[in-house]
Amino acid sequence: MKGSELVRTLCFTLCLALGAVTVSAAEPAPVEKVDINSADAETLASVLDGVGVVKAEAIVRYREANGGFRTLEELANVSGIGLATLDRNQDRIVLGSN
């Protein structure tokens with residue numbers, strides 16, 4: 001009896017593991033996008049990875065002082081926003097009309 005319980009447990013564990021592999025192989029969820037030329041600080045902070053409220057407010061201030069972003073790279077001019085942040089968020093950022 002103990003041997004059959006072990007086999008049953010192993011089969012159950014294998015089924016769970018295969019189910020997890022199947023789920024992880026599914027299409028990733030679409031990435032939420034944000035227009036950095038029109039979004040408010042709260043929206044920027046909620047969508048952009050590694051950007052909190054303070055950095056998001058700096059983005060809005062920069063945009064208001066300089067008339068909007070013309071390129072994604074220009075976002076690196078904002079204090080606290082570096083190239084790593086740009087790389088992490090390039091698929092999330094939209095440059096609307098400025």
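Residues numbered from 1 in each chain as written. Predicted model: local features only at pLDDT ≥ 70, side-chain atom pairs only at ≥ 80, totals over all residues. Heavy atoms only, no water.

(A) Examining the overall build of the protein chain more closely. Per the secondary structure count, the protein chain includes four helices and two strands. The order of helices and strands in the protein chain, counted from the N terminus, is α-β-α-α-α-β. A burial count over the protein chain gives 29% of its 98 residues as buried. (Helix = DSSP H or I, 4+ residues; strand = E, 2+ residues; numbered from the N terminus. Buried < 20%, exposed > 50% of the residue type's maximum accessible area, 1.4 Å probe, protein only.)

(B) Looking closely at the packing of aromatic side chains. One pass over the full model with this rule turns up one aromatic pair. Between Tyr-62 and Phe-69, the aromatic rings sit 5.2 Å apart at their centres with planes inclined by 20°, giving stacked as the arrangement. (Phe/Tyr/Trp six-rings, centres within 6.5 Å; stacked < 30°, edge-to-face > 60°.)

(C) Quick peek at the side chain of Arg-63. As for its position among the elements, Arg-63 is in helix α3 (residues 53-66). Comment: no salt bridge for buried Arg-63; closest opposite-charge side chain is Glu-64, at 5.1 Å. Residues in contact with Arg-63, not counting those within four places in the same chain, are Ile-36, Asn-37, Ser-38, Ala-39, Gly-68 and Phe-69. (Lys, Arg positive; Asp, Glu negative; His and termini not counted. Salt bridge = Lys/Arg side-chain N within 4 Å of Asp/Glu carboxyl O. Contact = heavy atoms within 4.5 Å.)

(D) Region of the structure containing the side chain of Thr-85. With respect to the helices and strands, the residue Thr-85 is situated in helix α4 (residues 83-89). Residue class for Thr-85 comes out buried when judged on its relative accessible area of 9%. Every residue in contact with Thr-85, bar those within four places of it in the chain, is listed here: Asp-49 and Val-51.

(E) Spatial organisation of the pattern of salt bridges. One pass over the structure, following the stated rule, counts two salt bridges. Of the charged contacts in the structure, one is a salt bridge between Arg-88 and Asp-49, with a shortest N-O distance of 3.3 Å. In this pair, Arg-88 is assigned in helix α4 and Asp-49 in the loop between α2 (41-47) and α3, connecting sequence segments 39 residues apart. Owing to a relative accessible area of 41%, Arg-88 belongs among the partly exposed residues under this scheme.

(F) Region of interest: the nonpolar core. Counting residues in hydrophobic clusters, the biggest one holds 21 residues, and the most contacted among them are Leu-44, Leu-48, Ile-59, Phe-69, Leu-75, Val-78 and Ile-81. Going through the elements one at a time, α2 and α3 are the ones with two or more residues in this core. The element that contributes the greatest number of residues to this core is α3, accounting for five residues. (Core = buried A, V, L, I, M, F, W, Y, C linked by side-chain atoms within 4.5 Å.)

(G) Representation of α3 in the model. The end-to-end C-alpha separation of α3 is 20 Å, in line with the 20 Å expected for 14 residues at 1.5 Å each. Residues of α3 that are buried: Ala-56, Ala-58, Ile-59, Val-60, Tyr-62 and Arg-63. Buried residues belonging to α3 abut α2. Within two residues after α3, Gly-67 carries a phi angle of roughly 80°, on the positive side. (Expected span 1.5 Å × (residues − 1).)

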